[in-house]
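Understanding the architecture of this molecule
These are the residues of each chain, in order.
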Amino acid sequence: MGHENGADCVYEARTSEELGRYLIAARDLAPGDLVLTERPLVFGPKATLDPEATVPCVGCYKPVLTDAGERCAKCGWPVCSGNCPGLSDPRHHGAECAILRMRPECVLDNMAEYYRHDALLPLRCALLQTTDPERWKKLSEMQSHMECRSPGTDAYDEANEFIVEYLMNNFINKLDDETKNKHLPEISADLLHVFCGIIDTNALEIRLMEGTELLALYTNTCIMEHSCIPNTKHTFSHSTKDRNDLYRITVKVVVPVLKGSHITTMYSHALWGTQARRQHLEDTKYFACRCERCADPTELGTYVSAMKCLGDGNNLCDGIHLAEDPLDDETDWACDKCGVKVNNSQVNMIISQMGEEVEAVQMMGGTITMLENLLCRLSTFLHPNHYHLYSIKHSLIQLYGRQPDYTSEEILDRKINMCKDLIEITKKLDPGNARLSLYSAVLQHELHSALVLKTTIPNSDGSVKPVDVVKLLIVEAKSAIDTALDSLKDDMEELSGKKLFSVILESKKHFKRYCKDKNLVV
Ligand SMILES: C[S@@+](CC[C@H](N)C(=O)[O-])C[C@H]1O[C@@H](n2cnc3c(N)ncnc32)[C@H](O)[C@@H]1O
């Protein structure tokens, strides 16, 4: 398999019955080593569920100012400007425009339904047959899981309603023979369904600076198998210096990978518990994950899914419940002390209800009191490291020490302890900072700020803290802020990474000034 930049290929593709195609390391790899870098095969806007989301330009995906009312002169789809270079570029709007112009303009009352931007990627897939036959061939080798997407399944019915019928009825069925033969000689509803399957199984999400999200398919990257402890991290190039390099992906190893070991990425959320991750993977990628983390009831010693035992109704118990066999959907959860058992469906129901509560409080920008009350209530049932509590604590540490009435030494100590506990969990779940680098950076940054603030708090008798105590706090704070900046080193192309980095860099400047003013050499 070729390496797009011509360097030695450090991986080999293999096939197995269980995994399909997958990649292994062709030699020992060290953290930071490049696995591969390649341009996308095809890309397009992702569906948005937010009815108030801005409409992306079909040429460059920047939000279109709807009141400006700019439209592509040929097909009428909203664009940022008639001069947008993406309008004539076949990888963006250039090829699809000939198909989209088949629909006569009509009066609009629902932009989101009239312009279905998520239908553009399947259409762009179909157009590869004439715009780029080599890419078309690569695309057709991708897994679509059509065996799991028959009519009547949610995946099929959704794709049918929102993508396939939309494209067929509005555009493709209206093509005259000449246009059809020129652009889409091979096209049918079934073929569009296959592209929907390929996209759902393989596509990677790219968040653009302007807030739009794209989906993209990559020939080699998409062969990487999933693991809940991935050994690679990928980043996308957003640079427009060379337009051909837009959305180039770069995959690097984040932990040592021995020759012959599988090269892995993560398709799910690192901060979800095993039941939620496995369900998500089964629903969206049609496989049952059996990785080391999923197979371990303690999830690498983190206990992020563990529940507290409530006893047998007569006696209280301070044991913890873990899934007996996390790879079995019918597993019981048994207490490690009293042996009381709860079945998996009960646990799943309680945990997802709690998840909804946590999300609701966070979505409304919950206050410290609201978050503390929820933490207190859920702590009755959940292990202190449970992922729902992790999430609440992660919100709390960003408020403690930053709001009036929450800057006492007691609160700062609580914040410091929470940060340290969450840092430990995060390190175990993502030792290479592949997926949780932003979480780690926030935790280390907040730890730093609590430690610095603590130096300013007088002792109970009103005296200032002794220099040696202050020095210890400052040394620890410096290490935390340096670690925070370091954990973002591979996130600088992404908007969220860039923003967080500049906030932390600003804090580092304040920190240096503070140390200078206090004559503290660290
Ligand atoms: C992005 S594709 C990976 C490439 C794919 N194996 C192929 O042959 O084209 C994702 C699909 O690969 C398979 N897969 C990936 N990781 C797996 C894993 N850890 N266990 C089982 N199947 C996996 C599943 O079928 C999944 O839907």
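Now for a quick tour of the structure. None of the values given here were measured: they were computed from a predicted structure.

1. Quick notes on helix α16 (residues 495-517)
- In a regular helix each residue adds 1.5 Å, so 23 residues correspond to 33 Å; α16 covers 33 Å between its end C-alpha atoms and thus fits that length.
- Where α16 is concerned, the buried positions are L500, F501, I504 and F511.
- Looking at the packing, one finds that the buried side of α16 touches α14 (437-455) and α15 (467-487).

2. Some words on the sheet that holds strand β11 (residues 307-308)
- Judged by pairing direction, the sheet is antiparallel, and its 4 strands sit side by side in the order β11-β12-β13-β14 without closing on themselves. Only two strands of the sheet have a single partner each, and these edge strands are β11 and β14 (341-343).
- The strands touched by helix α10 (residues 344-363) are β11, β12 (320-323), β13 (332-335) and β14; relative to β14, the strand with the most contacts, the crossing angle is about 75°.

3. Notes on the sheet that holds strand β1 (residues 11-16)
- If you trace the 4 strands from one edge of the open sheet to the other, you get β1-β2-β10-β7, paired in mixed fashion. This sheet does not close on itself; its edge strands, each paired only once, are β1 and β7 (225-226).
- Where β7 lies against strand β10 (residues 262-265), 2 bridges are found, and the strand directions are parallel. Within β10, the residue paired with E225 across the bridge is T264.

4. What about the packing of helix α13 (residues 409-429) against α14?
- It is at 9 Å that the axes of α13 and α14 come closest, and there the two elements cross at 155°. By the angle between their axes, α13 is roughly antiparallel relative to α14. Seen along the crossing, α13 lies across α14 with a hand that is left-handed. For the pair formed by α13 and α14, the contact residues are E409, L412, K415, I416, C419, K420, L422, I423 and T426 on the first element and Y439, S440, L443, Q444, E446, L447, A450, L451, L453 and K454 on the second.
- Here the residues of the contact of α13 with α14 sort into 11 nonpolar, 3 polar and 5 charged.

5. Focus: the packing of helix α5 (residues 154-170) against helix α7 (residues 189-202)
- Two elements in contact, α5 and α7, have axes separated by 10 Å at closest approach and are oriented at 125°. Between α5 and α7, the angle falls in the class oblique. Regarding α5 and α7, the two cross each other, and that crossing is right-handed. Here A155, Y156, A159, I163, V164, L167 and M168 of α5 come into contact with α7, specifically with A189, L192, H193, C196 and D200.
- Considering only residue class, the contact of α5 with α7 consists of 10 nonpolar, 1 polar and 1 charged.

6. Describing the site of the ligand
- In the vicinity of the ligand, 18 residues are found, and the nearest of them are G20, R21, E225, K285 and F287.
- Counting residues per element, the shell around the ligand draws most heavily on strand β2 (residues 20-25), at 3 residues.
- Its residues assigned to classes, the shell around the ligand comprises 8 nonpolar, 6 polar and 4 charged.

7. Quick look at unusual backbone geometry
- With a phi angle near 75°, Y61 is a residue other than glycine that sits in the positive phi range.
- The topology assignment puts Y61 in the loop between β4 (42-45) and α1 (97-100).

8. As for the pairing of β1
- Pairing between β1 and β2: 6 bridges, direction antiparallel. Note that in β2 the partner of T15 across the bridge is R21.
- As consecutive antiparallel partners, β1 and β2 are separated by 3 residues.

9. Re the nonpolar core
- Counting 75 residues, the largest nonpolar core has L167 and L217 as its most contacted members.
- Sort the elements by how many residues they give to this core and helix α3 (residues 120-131) lands first, with 7 residues.
- In contact with L217, not counting residues within four places along its chain, are P40, L41, V42, L139, M142, N202, A203 and C222.
- Counting residues in each nonpolar core, the second largest holds 48 residues, with L371, I392, L443 and A480 among its members.

What counts and how
- Residues numbered from 1 in each chain as written.
- Predicted model: local features only at pLDDT ≥ 70, side-chain atom pairs only at ≥ 80, totals over all residues.
- Helix = DSSP H or I, 4+ residues; strand = E, 2+ residues; numbered from the N terminus.
- Expected span 1.5 Å × (residues − 1).
- Buried ≥ 20, exposed ≤ 12 C-beta atoms within 10 Å, placed from the backbone.
- Contact = placed C-beta atoms within 7 Å.
- Pairing = 2+ DSSP bridges.
- Axes fitted to C-alpha atoms, helices over the stretch in contact; angles between N-to-C directions.
- Parallel < 35°, antiparallel > 145°, perpendicular 65-115°, else oblique.
- Left-handed = near helix turned anticlockwise from the far one by under 90°.
- Nonpolar A, V, L, I, M, F, W, Y, C, P; charged D, E, K, R; others polar.
- Near = placed C-beta within 6 Å.
- Core = buried A, V, L, I, M, F, W, Y, C linked by C-beta atoms within 7 Å.

All quantities given are derived from atomic positions and should not be read as evidence of function.
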